[in-house]
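Here is how the chains run, residue by residue.
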Amino acid sequence: MDTVITLRGAVSVLGRFPALAGVDLDVARSEIVLVSGPNGAGKSTLLRLCAGLVNLARGEASILGYPLPQRRREVRRRVGYLGHANGLYPELTVAENVRFWSRTAGAVAPMPPPHCSGWRWPPACTIWPWPTCRPGSAAVPHSPA
């Protein structure tokens, strides 16, 4: 199994609040994972941790083979995070938004599959390698420029 995300006892603290408390997770390449729960359950924090945007306070994490927090910079260069308040341009297609924001971040954008190329926002392609198009947040791996 080609694992792209591994979390063991992952804890992330926002301020003094443990937004994630002991998460274990394995995600294989091309696997689709649904993250669901009530407000405040830690869904966004989990995605932000996987994108290298929040600190790992305790536990172990490996994203695309890079251990966190030691290689957080490499993770941040290869994984993008698209949250709820996102600054997307509804007049652009999904592919155009991904290309624009990848260039803004200094990264090379992956090409979405043809079935997503003409779609407007929303819906959004939500998971790499773009198997489906539907509304939601995304963590999109990309290559450094």
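Above: the structure in question.
These notes cover the structure that comes with them.

Cut-offs and rules
Residues numbered from 1 in each chain as written. Predicted model: local features only at pLDDT ≥ 70, side-chain atom pairs only at ≥ 80, totals over all residues. Heavy atoms only, no water. Helix = DSSP H or I, 4+ residues; strand = E, 2+ residues; numbered from the N terminus. Buried < 20%, exposed > 50% of the residue type's maximum accessible area, 1.4 Å probe, protein only. Pairing = 2+ DSSP bridges. Axes fitted to C-alpha atoms, helices over the stretch in contact; angles between N-to-C directions.

## Some words on the overall build of the chain
(1) Moving on: A tally of helices and strands in the chain yields four helices and eight strands.
(2) Moving on: Listed by position from the N terminus, the elements making up the chain come as β-β-α-β-β-α-β-α-β-α-β-β.
(3) Moving on: Within the chain, the fraction of its 145 residues that count as buried is 35%.

## Thoughts on the sheet that holds strand β2 (residues 17–28)
(1) Moving on: Ordered by their spatial adjacency, four strands build an open sheet running β2-β1-β3-β4, and the pairing between neighbours is antiparallel. Only two strands of the sheet have a single neighbouring strand rather than two, namely β2 and β4 (66–68). Shown here is a sheet whose adjacent strand axes are inclined to one another by a mean of 20°, direction ignored.
(2) Moving on: Two strands pair when backbone bridges link them, and strand β1 (residues 3–14) and β2 are joined in this way by nine bridges, in the antiparallel orientation. Bridge pairing links Val-13 to Pro-18 in β2.

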